[in-house]
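Topology and contacts: notes
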Amino acid sequence: MGELRNLISIHDLDREQIDEILDVAAKMESVSVKRSKDLESKIMAVLFFEPSTRTRLSFESAMLRLGGSILGFAEAGTSSAGGKGETLADTIRTVERYADIIVMRHPLDGSARVAAEFSSIPIINAGSGSEEHPTQALLDLYSIKKLKGKIDGLTISLCGDLKYGRTVHSLGMGLSHYDVKIKLAAPQQLRMKPAIIDEMKKAGVEVVQVDDVKEAIQDVDVIYMTRIQKERFPDVREYDKVKGRFRIGTEQVELLRDDAIVLHPLPRVDELSSNIDHLPQAKYFDQVYNGVILRMAVLKMILG
Ligand code: NCD
């Protein structure tokens, strides 16, 4: 495959490239345990202008397992960008002098693309506004392939906040490269943008929309639940109308197929009850580990 330089959007990857990343990730399973020195001479900067637990720490864990070093900030308020009004361009032009790659999360749509325009070193988008989260989509695809043995032929439900959730935007587009059926399950107000649905359909994916959680989980191979993105609602009263509407708890469990898997990018609020965590279908914490594996693959492919 052509050299991977930046990872800004899932749109930048075709199926062959996605499959290659998933194959390299599978090889990282053993490297992650033994550790390697492959990226010993490399420094990764993490610039997180928004809260994160898994994305930042799994990138850091991935880099450390490959022998590399890390620096950065986890809170914009401690940087000149947050505290003193420095522009994103100036922040990037500074950090590129300290590191070999930048992993950035930012509240604005388009921010990762802007950063890449100013940067002489590779940029990985670790979440840009409500728009995209490409490495999450890749680790979700990797999780599906690892747990179900394939992606083609599956029926997958994307549930919850399909309007503001960046993970489902990237995952939906990533899945369109495969022969899948997609159920989009969201309250009316939080439906997926028509432009993304059109793109999925154009790619040949059968898409159905439902607004009921029961329909979302019945007769599907993968349930991908998401958090309602409170922080992205222009008006908190709108959030109050939909919160708690989409929930999987013990009452819904009998609707789940025995061989179905339940994934979630996490963090969860109340959309997945902790009462279902012990079920064999509940795979969201396995998915967390796959984040390290997948991010090792991406770092290795860009920097190695
Ligand atoms: C997600 C995100 O930041 O978009 N979290 C993650 O990266 N695993 C999902 C969310 O915040 O709900």
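Residues numbered from 1 in each chain as written. Predicted model: local features only at pLDDT ≥ 70, side-chain atom pairs only at ≥ 80, totals over all residues. Heavy atoms only, no water.

1. Focus on the pairing of strand β6 (residues 181-185)
Our working rule: Three exposure classes are used, based on accessible area relative to the maximum for each residue type with a 1.4 Å probe and protein chains only: buried under 20%, partly exposed in between, and exposed over 50%. In DSSP terms, a helix is any run of H or I states spanning at least four residues, a strand is any run of E spanning at least two, and both are numbered starting from the N terminus. Here, the term right-handed applies to a crossover whose path from the first strand over the helix to the second runs clockwise when the strands point away from the viewer. Here, any two strands with at least 2 DSSP bridges between them count as paired.
Burial analysis of β6 places four of its five residues in the buried class, which makes it a mostly covered element. At this point the chain moves from strand β5 (residues 155-159), through helix α7 (residues 166-175), to the parallel β6, and the crossover so formed is right-handed. With five bridges joining them, β6 and strand β7 (residues 206-210) adopt parallel strand pairing. Its bridge partner being in β7, I182 is matched across the sheet by V207.

2. A look at the site of the ligand
Cut-off, in case you're wondering: Note on definitions. A residue lies near a molecule or strand when any single heavy atom of the residue is within 4 Å of it. We call two N or O atoms a polar contact when they sit within 3.5 Å, provided that within protein one can donate a hydrogen and the other can accept it, with sequence-adjacent residues counted only if both atoms are side-chain atoms. Areas reported here follow the Shrake-Rupley algorithm with a probe of radius 1.4 Å; residue values treat only the protein chains shown as occluding. In the scheme used here, Gly and all other residues not listed as nonpolar or charged are polar, with Ala, Val, Leu, Ile, Met, Phe, Trp, Tyr, Cys and Pro taken as nonpolar and Asp, Glu, Lys and Arg as charged.
Close to the ligand lie T55, R105, H133, Q136, R166, T167, R227, Q229, P265, L266 and P267. With respect to the ligand, the side chain of T55 contributes an N or O atom lying 2.8 Å from an oxygen atom. Here a nitrogen atom of the ligand sits 2.9 Å away from a polar atom, N or O, in the main chain of P265. For the ligand, whose unbound accessible area comes to 320 Å², protein coverage reaches 93%. Here the shell around the ligand is composed, by residue class, of three nonpolar, five polar and three charged.

3. Overview of the packing of helix α2 (residues 54-65) against helix α11 (residues 284-303)
Stated precisely, the cut-off is as follows: Interaxial angle, 0 to 180 degrees, is taken between N-to-C directions of lines fitted to C-alpha atoms, where a helix line uses only the stretch in contact. For classification purposes, an angle smaller than 35 degrees is called roughly parallel, one larger than 145 roughly antiparallel, one from 65 to 115 roughly perpendicular, and anything else oblique. Crossings are assigned a handedness: left-handed for a near helix turned anticlockwise from the far helix by less than a right angle, right-handed for a clockwise turn. In what follows, residue pairs with any heavy atoms lying within 4.5 Å of each other are defined as contacts.
Interaxial distance between α2 and α11 falls to 8 Å at its minimum, and their mutual angle equals 55°. When the axes of α2 and α11 are compared, the pair comes out oblique. Seen from above, α2 lies across α11 with right-handed handedness. Only V288, Y289, G291, V292, R295, M296, L299 and L303 of α11 make contact with α2, whose side of the interface consists of R54, T55, S58, F59, S61, A62, M63 and R65. By residue class, the composition of the contact of α2 with α11 is nine nonpolar, four polar and three charged.

4. Observations regarding the nonpolar core
The criterion, for reference: Here the nonpolar core consists of buried residues drawn from Ala, Val, Leu, Ile, Met, Phe, Trp, Tyr and Cys, with membership extended through side-chain atoms lying within 4.5 Å. The split into domains, and so the bounds of each, comes from an automatic or database assignment of domains.
The biggest cluster of nonpolar side chains holds 69 residues, and the ones touching the most others in it are I124, L138, L158, L175, L184, L294 and L299. Per element, the largest residue contribution to this core is 10 residues, and it comes from α11. Formed jointly, this core draws a minimum of three residues from each of two domains, domain 1 (10-132 + 290-303) and domain 2 (134-288). Apart from the residues within four sequence positions on either side, L184 is in contact with L158, L162, M192, I197, M200, V207, V208, Q209 and V210.

5. Brief notes about the domain arrangement of the chain
The test is simple: Put simply, buried area is the surface a 1.4 Å probe can reach on two separate parts but cannot reach once they are joined, added for both. Salt bridges, as used here, are contacts in which a Lys or Arg side-chain nitrogen is within 4 Å of a carboxyl oxygen on Asp or Glu.
The domain boundaries assigned to the chain delineate domain 1 (10-132 + 290-303) and domain 2 (134-288). Taking only C-alpha atoms into account, the centre of domain 1 sits 24 Å from that of domain 2. With 34 residues of domain 1 in contact, the opposing surface of domain 2 contributes 30 residues. Here domain 1 meets domain 2 over a buried area of about 2,600 Å², counting both sides, of which 54% is carbon and sulfur. For domain 1, the biggest contributors to the area lost against domain 2 are I10, R54 and N290; these three give 27% of the whole. Where domain 1 packs against domain 2, one counts five salt bridges. With a closest N to O distance of 3.1 Å, E50 and R232 form a salt bridge. Between domain 1 and domain 2 we count 22 residue pairs in polar contact (both at pLDDT 80 or more) in total. Ranked by residues supplied to the side of domain 1 that touches domain 2, first place goes to helix α1 (residues 15-34) with nine residues. Residue classes in the side of domain 1 that touches domain 2 are distributed as 14 nonpolar, nine polar and 11 charged.

6. Here's the deal with helix α4 (residues 88-95)
Defined as follows: Directions pointing from the helix axis toward each C-beta atom define the arc.
All of the buried residues along α4 are L88, A89, T91, I92 and V95. Take α4 and look down its axis: the buried residues cluster within an arc of 160°, on one side only. Each element contacted by the buried residues of α4 is listed here: β1 (43-48), α3 (80-83), β3 (101-106), α5 (111-118) and β4 (123-128).

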